[in-house]
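Each chain, letter by letter, is given below.
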Amino acid sequence: NSITNSNSNDTRATFTTTATIASPTSLRLLATALVCALLAALLRTTAFSTLFTRLFGTSSPAVSIASNPIATAAASAMAGARTPVYFVSHGGPNVMFETEHPVYPKLQAMGREITQVVKPKAVVVFSAHWQAGRRRVEVNTAPLTELIYDYYGFPSHYYKVQYPNAGSPELAGRVLELLKGKGVDAIGVKRGLDHGVFAPFTCMFRPDENPLGVPIVQVSLYDSEDADAHYDLGAALQPLRDEGIVVIGSGMAVHNLRDMRLSIATGKPMAYAKPFDAALKTAVVDAPTAADRKTRLRELLKDPNARKAHPTFEHLLPIHIAAGAAGEDKAVRTYTLAEMSFSWAQYRFGEVPAAS
């Protein structure tokens, strides 16, 4: 966050104060030199070096301004393209290590689409693993975020995973402003990232292959199963899409941990997995209007298979949020796989910009 905001503001200030005495070419060179000098100086400080490492997976000052993901993202935001919205079925923490699982390359492809084509300025993410109050939402305002290892019974190395990331108090403030503007009771808190974020993001945005390189702000769900309230959360954040921000809902299309052992024993998907996966697709993809999609998603919670597919709805509600953020934009299911008592369906709402 500090890199994005301070660099862009300093560059604009340089243009303003020197435009009357320098040519455009010399201005660009001067601005680049000043930014490089500032970056080099900041990298010599411990705090900024830590932030830089979180964002890019390295503390080396050899990263060029031209290839800086944040600089690229800012340019994309200025182009004016509305960003798409995503729903990610995130699985358990084992998804980070099971690189041969069929979903792994699908998550990687989604990640590359976001970093290389969409090129967002930042990401706002809702995870099934953070529920605040029944009528209150919380927004992570921390500039630096640790990981929350919110799972149990896994090998020791699962609790040593690191995912380079940084928050953005400025963006968190913007999220709070939008939510409160729609009458949502929302407060800022300081919190880490749970595995509903860092597990899929480790696959999508591997620091060594495809670093995200922009701030992440996580927002909670309500601690309720109110479909419309969660849809309205997403709808309140629609303006972010015109500001270069990608909104991601992270949950599971089908999620029943209680039946996992039974399904392993049979070696087949549970009988409800495919039918509910299909019903979800119908509700999300086939709805002709945003209002109809909101209604269909509300009624989906009454589907005969709903409570089998989701004994509790916190893993389903992130797609309601994503649909709300999408508004009238059409949705496509980019992948699905019914497996045991789960479904790995992934969705994108809206158009992807033409690759440049």
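Just so it is clear, the model here is predicted, and its values are computed rather than measured.

Novice: Just checking my understanding: could you explain the pattern of salt bridges for this structure?
Specialist: Proximity of charged atoms lets side chains of opposite charge pair with each other. Scanning the model with the defined rule gives 15 salt bridges in all. The salt bridge partner of Arg348 is Glu113, with a shortest N-O separation of 3.1 Å. Here Glu113 lies in helix H5 (residues 103-118) and Arg348 lies in strand S11 (residues 346-349), a separation of 235 residues in the sequence. Glu113 sits in the buried class, given a relative accessible area of 19%. Note that Arg174 is salt-bridged to Glu243, the shortest N-O span being 2.5 Å. Of this pair, Arg174 sits in helix H6 (residues 169-181) while Glu243 is found in the loop between helix H8 (227-236) and strand S6 (245-251), placing the two residues 69 residues apart along the sequence. For Arg174, a relative accessible area of 24% puts it in the partly exposed group.

Novice: Would you take a moment to explain the packing of aromatic side chains for this structure?
Specialist: Think of a pair of aromatic rings as described by two things: how far the centres are apart, and how the planes are tilted against each other in angle. Taken as a whole and judged by the stated rule, the model has 10 aromatic pairs. With a centroid separation of 6.4 Å and an interplanar angle of 55°, the aromatic rings of Phe87 and Tyr347 are classed as tilted. Residue Phe87 is found in strand S1 (residues 85-89), and its partner Tyr347 is found in strand S11; the two are separated by 260 residues along the sequence. When its relative accessible area of 0% is taken as the criterion, Phe87 is described as buried. Using a relative accessible area of 0% as the deciding quantity, one classes Tyr347 as buried. Look at Tyr149 and Tyr159: their rings are 6.3 Å apart centre to centre, the planes differ by 70°, and that puts the pair in the edge-to-face class.

Novice: How do you make sense of the side chain of Ser220 when you look at a structure like this?
Specialist: Relative to the helices and strands, Ser220 is located in strand S5 (residues 216-221). Judged by relative accessible area, Ser220 falls into the buried class, the value being 0%. Filtering out sequence-adjacent residues up to four positions away, Ser220 remains in contact with Phe126, Trp130, Ala132, Val137, Glu138 and Leu233.

Conventions adopted
Residues numbered from 1 in each chain as written. Predicted model: local features only at pLDDT ≥ 70, side-chain atom pairs only at ≥ 80, totals over all residues. Heavy atoms only, no water. Salt bridge = Lys/Arg side-chain N within 4 Å of Asp/Glu carboxyl O. Helix = DSSP H or I, 4+ residues; strand = E, 2+ residues; numbered from the N terminus. Buried < 20%, exposed > 50% of the residue type's maximum accessible area, 1.4 Å probe, protein only. Phe/Tyr/Trp six-rings, centres within 6.5 Å; stacked < 30°, edge-to-face > 60°. Contact = heavy atoms within 4.5 Å.

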